[in-house]
Structures are given as C-alpha cells and as structure tokens.
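Commentary on secondary and tertiary structure
Spelled out, the chains give:
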Amino acid sequence: GISVRHEIVLGGNMIIKTIGVVGCGLMGGGITQVAAQNGYCTIVREASDELLEKGIGRIDSILAGNVAKGKITEDGKAEVLGRITGTTEFAAFGTCDLVIEAVTENADVKKEVFRTLDGIAPPHAILASNTSSISITELGAVTGRPSQVLGLHFFNPVPVMKLIEMVIGLETSAETVAVTRAFGESLGKQVIEVKDTPGFIVNYLLIPYLLDAVRLVETAVATREDIDTGMVLGCSHPLGPLKLLDFIGLDTTLYIADVLYDAFRTDRYAAPSLLRKMVAAGKNGRKSGEGFYKY
C-alpha cells in the first residue's frame, strides 16, 4: 500500500517534506524509491541523462514486480513514480529539507558533493551521507553547517533491508538527530545510533568476518560451498560470507577494509592478497558476472 504524504514536524516547525538524493545507483535508487513510496517528494540527481534513465528504469521495474505480486496497484505505482523528479543539476536541491548523498565510496568525491550541497540546499536543510566507512565529522567540516550533517547508512537492497545506521558526527546537533530519526522511522526502518567511528557498528564487525572467509579459501582449508553452508546452517545466516562478498562487491569490500586498516592498523582489517588479486582481475562479484561464484 501507499501511505499518505509524510511531513516530519518538530517543535511546531515543518522540517522534512522534500528529499534530495545524490546518485541513482543501487543504493541511491533504493533510497529514492523508499522515500517516494512513503509519501515524500523526492528529487534524485545523477551525473548524466543516461545514468538517470537507467536508475529510474530500475525503480520502475522493481515497482512493476510489486504490482505483479499484488503488493501495490498500477495506480499506486504511478503515484510513487509521480513523486520522483530526476535531474542532472545540483541546483535542483535548492528546495530540499534533507539531502542524502549516495555517490561512490570515496572521501574526496563525497567531500566535493558536500561542499556543493552546502552552497545550494536551504539553510535549514540536513545533509546526510550513506557512507559505510567515511568519517561524518570530516564531511561536516567541509560545510558551514556541521551541526546539520550526519550519516544515514542504508543497507542493500534498500526496499527490503529494515536497518538504518544513523551516524552522529562530533558536531551533529541533538535536533538533527531527532528529526532524522523520525524520518528514518517514517520509512518503516529500525534506526540504530552510532558515534562516528570507522566502520560504525555493522562493518566494524562484518569486514573481519568476510576477510577471514577469504583467508579460508586462500589457504584451501575448505571449499567455498562448504564455508558458506557452514555459516548458513551453523549460524542461521541467510547468506554465507562468500556469497555475501559477491553481493556486496569485492571491490567495495576491499575499499572499506583498506579504510578500516588505515584507521586501526590491526591485522583483522588487512585484506588478503587473494581479495586484491580478484579485484585487480575485475572479479568483483555479481555486478561483474563473477566473484567467488559465477553469475
């Protein structure tokens, strides 16, 4: 079903009605879809018309699948798509109350986006990053509004996964946290709070586990199938670590591991050479057609 338009209100002032999303890839597209499904006017920006068309096309086909399953009606689908505005211009974010950045996981690229957003978004707007590893405090520091900057780390696939890690930077204000929590909960998500530390909660714990699984393959202790079956049946995980690596992307995992290694300098975050070789060979998992498994 489609809910009525949400408006997050705090202290009598209307705070969040219009959402901006920077990037319409897997994560940005998922965030855009979920915001629009929950009644928010959503403006999504991509670098080119081609990428924008691809991203909105993906949302369209996911919604079409929901119509086929009877989860929403054809009218409901049209209503959701009607709330989404695609653009290639940053200037379109001039009307947004909250902008969520979901570009590539690279600190310099993200900082440039935050500088740009700071000059365009209205003074009251909250700026959030969907980063999985980069310091929120550093991103806030390149803006003139660090108290209105925080992390909103969604999980893939966004429409399905119920979690948001809300990352609180050194300067993030209590009001920003309260308003953004209400927004996250209005999407039907469970919001957990974490201080701005590398990896936050999930990747801090997950990355060493994934790297250890690669080490087991590298040392030929067991087959990839048996490693995955062990964790699925032994620990009730929905996916084994190697299938999960393929799903996340080996390149993304390697990038996060390197960021965490730079921060902590402990062996648990040191990427095994097999992972580096596979990324160098372009075997990045599902998105490239091959990782630990073929797709």
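Structural data are supplied above this passage.
Let us look at the structure shown here. Here the residue numbers are simple positions, counted from 1 along each chain's written sequence. Where totals are concerned, whole chains, interfaces and linings use all residues; where local detail is concerned, this predicted model gives features only for residues with pLDDT of at least 70, and gives and counts side-chain atom pairs only at 80 or more. Based on all heavy atoms of the structure, the side-chain values leave hydrogens and waters out of the count.

1. Quick look at the overall build of the protein chain
Helices and strands together make up the secondary structure of the protein chain, namely eleven helices and ten strands. Radius of gyration here uses only the C-alpha atoms, and the compact-globule reference equals 2.2 Å multiplied by the residue count raised to the power 0.38. Relative to a compact globule of 295 residues, whose C-alpha radius of gyration would be 19 Å, the protein chain shows 20 Å and is just as compact. With respect to the three principal axes, the spread of C-alpha positions in the protein chain is 60 × 45 × 35 Å. Scored against the burial criterion, the 295 residues of the protein chain give a buried share of 45%. Restricting to contacts in the protein chain with at least 6 residues of sequence separation, those with at least 24 account for 68%. To qualify as a helix, a DSSP run of H or I must reach at least 4 residues; to qualify as a strand, a run of E must reach at least 2; elements of each kind are numbered from the N terminus. Think of it in three bands: residues with accessible area under 20% of the maximum for their type are buried, residues over 50% are exposed, and the middle band is partly exposed, with areas taken using a 1.4 Å probe on protein chains only. In this description, contact between two residues means that some pair of their heavy atoms is separated by no more than 4.5 Å.

2. A look at the state of the cysteines
Formally, a disulfide is one covalent bond, and it connects the sulfur atom of one cysteine to the sulfur atom of another. We call a pair of cysteine sulfur atoms a disulfide when they lie within 2.5 Å. Counted under the stated rule, the structure contains zero disulfides. A disulfide-free cysteine, C24 has its sulfur positioned 14 Å from the sulfur of C96, the nearest such atom. Of all cysteine sulfurs in the structure, the one in C96 sits closest to C41, which takes part in no disulfide; the separation is 9.7 Å.

3. A look at the sheet that holds strand β4 (residues 41–45)
What makes two strands pair is DSSP finding at least two bridges between them. The strand order across the open sheet built from eight strands is β5-β4-β3-β6-β7-β8-β9-β10, with neighbouring strands paired in mixed fashion. In this open sheet, the two strands that pair with only one neighbour each are β5 (84–87) and β10 (190–195). On average, each strand axis in the sheet is inclined to that of its neighbour by 25°, with strand direction left out of account. With axes taken as lines fitted to C-alpha atoms, and helix axes fitted only over the stretch in contact, angles between N-to-C directions fall between 0 and 180 degrees.

4. Description of the pairing of strand β6 (residues 98–101)
The alternating pattern of β6 places L98 and I100 and V99 and E101 on opposite faces, both of which are buried. The pairing of strand β3 (residues 18–22) with β6 spans four bridges and is parallel. Its bridge partner lying in β6, V21 is registered against I100. Pairing of β6 with strand β7 (residues 126–129) involves four bridges; the strand directions are parallel. Residue pairing across strands places I100 opposite A128, the latter belonging to β7. The handedness rule is simple: strands pointing away from the viewer, and a clockwise path from the first strand over the helix to the second, make the crossover right-handed. In terms of handedness, the path from β6 via helix α4 (residues 107–120) over to β7 forms a crossover that is right-handed.

5. Observations regarding α4
Working rule for helices: expected span equals 1.5 Å times residues minus one. Spanning 14 residues, α4 covers 20 Å between terminal C-alpha atoms, matching the ideal 20 Å at 1.5 Å per step. Buried within α4 we find K110, K111, V113, F114 and L117. For α4, the arc enclosing every buried residue in end-on projection is 160°, short of the 170-degree limit, so these residues lie on one face. Residues of α4 that are exposed and angled more than 90 degrees away from the buried face: D108 and G119. For this quantity, the arc is that covered by the directions from the helix axis to the C-beta atoms.

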